[in-house]
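# Survey of secondary and tertiary structure
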Amino acid sequence: MHRTLLTSCLCVGAAVLMAAPLSAQSLIVGIPNADVTPKGAWFLTHESQVKPFGDPQGWNTFQFLTYGAGFGTEIALSFVNFGRPATGNRTIALGFKTVLEQHGPDRSPWDPRATFGLMVPKSVDARGAGVWAFSSGSVRLPGWRTRFTLGPTYGTPQLFGIEKAGVMAGIEHPFNRHVSFVADWYSGRHDLAASIPAMQFTLPREFVLIAGYKIPNPGAPGGHAIVLEVAGILSR
């Protein structure tokens, strides 16, 4: 398991070295956020979830490559549940996310945004194709700069392990330009049903590193895990 943790850290480090300066992040930790990949940019996110203790131990990864299509929309190619030991639920997915926000001098200090998206996951473990649909609304508290996100979500077994509708929620609070507290949560008892509190660090040249801890919902499968995530813009 120490080798697995080292491998995870090396993957995170490699993604940092590949990345270029960052101007947006496409997730809070595990749910879509209210930012969008800039037009013409390629954006890479790598997430490792490591279970170094207990039985079974394991390492699971998620990769998201997005392209800024303009008009507040990004197109995403995702690789989900590729790890060790094999999860039996590996998925490749294609989808999009669109963010609607106010512009101009009369925009609200609450910075309201509406987000919606769709993903079509195809299992590589003979589980067929499915769908994940989501939407959310978010606001930022004036003065505090804390952003709250809340919305419905619906997914099929290719991503969630079971067919399930539920709720996703998130919070982002910047302490300064370089350090933020972030957390998100999926309701239910499916494979993604968990809360993940984390710290987000903006590194030199604006790379983003997230370190957190996954806490499964009562009755949800899986276990507690260390979460490491890195994100950055590859090219414009």
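Let us look at the structure shown here. Not measured: the values here are computed from a predicted model.

It is worth spelling out the overall build of the protein at this point. When helices and strands are counted, the protein shows 2 helices and 12 strands. Going from N to C terminus, the protein has its helices and strands arranged as α-β-β-β-β-β-β-β-α-β-β-β-β-β. The 236 residues of the protein split such that 47% are buried. A separation of at least 24 residues holds for 48% of the contacts in the protein among residues at least 6 apart in sequence. Counting every atom, the protein has about 11400 Å² of accessible surface; 66% of that belongs to carbon and sulfur.

In terms of nonpolar packing, the biggest core is built from 21 residues, with V29, W132 and L159 touching the most fellow members. Every residue in contact with L159, bar those within four places of it in the chain, is listed here: V80, N89, T91, M119, P121, W132, D191 and L192.

Next up on the list: unusual backbone geometry. Residue D111 is not a glycine yet carries a positive backbone phi of 50°. Tracing the sequence through the fold places D111 in the loop between β4 (91–101) and β5 (113–123). Accessibility expressed as a relative area gives 16% for D111, which makes it buried.

Another point: the packing of aromatic side chains. Applying the stated criterion across every chain yields a total of 6 aromatic pairs. Ring centres of W42 and Y67 lie 4.8 Å apart, and the angle between their planes is 45°; this geometry places the pair in the tilted category. With a gap of 25 residues between them, W42 in strand β1 (residues 42–51) and Y67 in strand β2 (residues 58–70) connect regions that are remote in the sequence. Judged by centre distance (6.4 Å) and plane angle (65°), the ring pair of F79 and F82 falls under edge-to-face.

Relative to β4, strand β3 (residues 73–84) is paired through 8 bridges, and the arrangement is antiparallel. Residue pairing for β4: F79 is matched across the bridge by I92. Here β4 pairs with β5 via 11 bridges, running antiparallel. Residue pairing in the sheet places F96 in a bridge with L118 of β5.

With respect to the helices, strands and loops of the structure, F116 is situated in strand β5. Along the primary structure F116 and V99 are separated by 17 residues, whereas in three dimensions their C-alpha atoms are 6.8 Å apart. Leaving out residues up to four positions away in the same chain, F116 has contacts with F96, K97, T98, L100, F134 and S135.

This part is about the sheet that holds β3. The antiparallel closed barrel is built from 12 strands, whose spatial order is β1-β2-β3-β4-β5-β6-β7-β8-β9-β10-β11-β12. Taking the axes of each pair of neighbouring strands and ignoring which way they run, one obtains an average angle of 20° across the sheet. Bridging between strand β9 (residues 179–186) and strand β10 (residues 194–202) involves 7 bridges; their strand directions are antiparallel. In the strand pairing of β10, V179 is matched with F201.

A few words now on the pattern of salt bridges. For the structure on display, the rule yields 6 salt bridges. In this structure, R90 engages D125 in a salt bridge whose closest nitrogen and oxygen atoms are separated by 2.7 Å. Of this pair, R90 sits in the loop between β3 and β4 while D125 is found in the loop between β5 and β6 (132–140), placing the two residues 35 residues apart along the sequence. For D111, the salt bridge identified is with R113, shortest N-O distance 3.2 Å.

All right, on to the pairing of strand β8 (residues 164–174) then. For strand β7 (residues 147–155) and β8, the ladder comprises 9 bridges, and the chain directions are antiparallel. Across the sheet, R147 pairs through a bridge with E172, a residue of β8. Summarising the sheet, β8 and β9 pair through 7 bridges and their orientation is antiparallel. When the bridges of β9 are listed, P174 appears paired with S180. Counted between consecutive antiparallel strands, the loop separating β8 from β9 contains 4 residues.

Its place among the elements puts T61 in strand β2. For T61, a relative accessible area of 6% puts it in the buried group.

Rules of the game
- Residues numbered from 1 in each chain as written.
- Predicted model: local features only at pLDDT ≥ 70, side-chain atom pairs only at ≥ 80, totals over all residues.
- Heavy atoms only, no water.
- Helix = DSSP H or I, 4+ residues; strand = E, 2+ residues; numbered from the N terminus.
- Buried < 20%, exposed > 50% of the residue type's maximum accessible area, 1.4 Å probe, protein only.
- Contact = heavy atoms within 4.5 Å.
- Areas by Shrake-Rupley, 256 points an atom, 1.4 Å probe, with all protein chains shown as cover.
- Core = buried A, V, L, I, M, F, W, Y, C linked by side-chain atoms within 4.5 Å.
- Phe/Tyr/Trp six-rings, centres within 6.5 Å; stacked < 30°, edge-to-face > 60°.
- Pairing = 2+ DSSP bridges.
- Axes fitted to C-alpha atoms, helices over the stretch in contact; angles between N-to-C directions.
- Salt bridge = Lys/Arg side-chain N within 4 Å of Asp/Glu carboxyl O.

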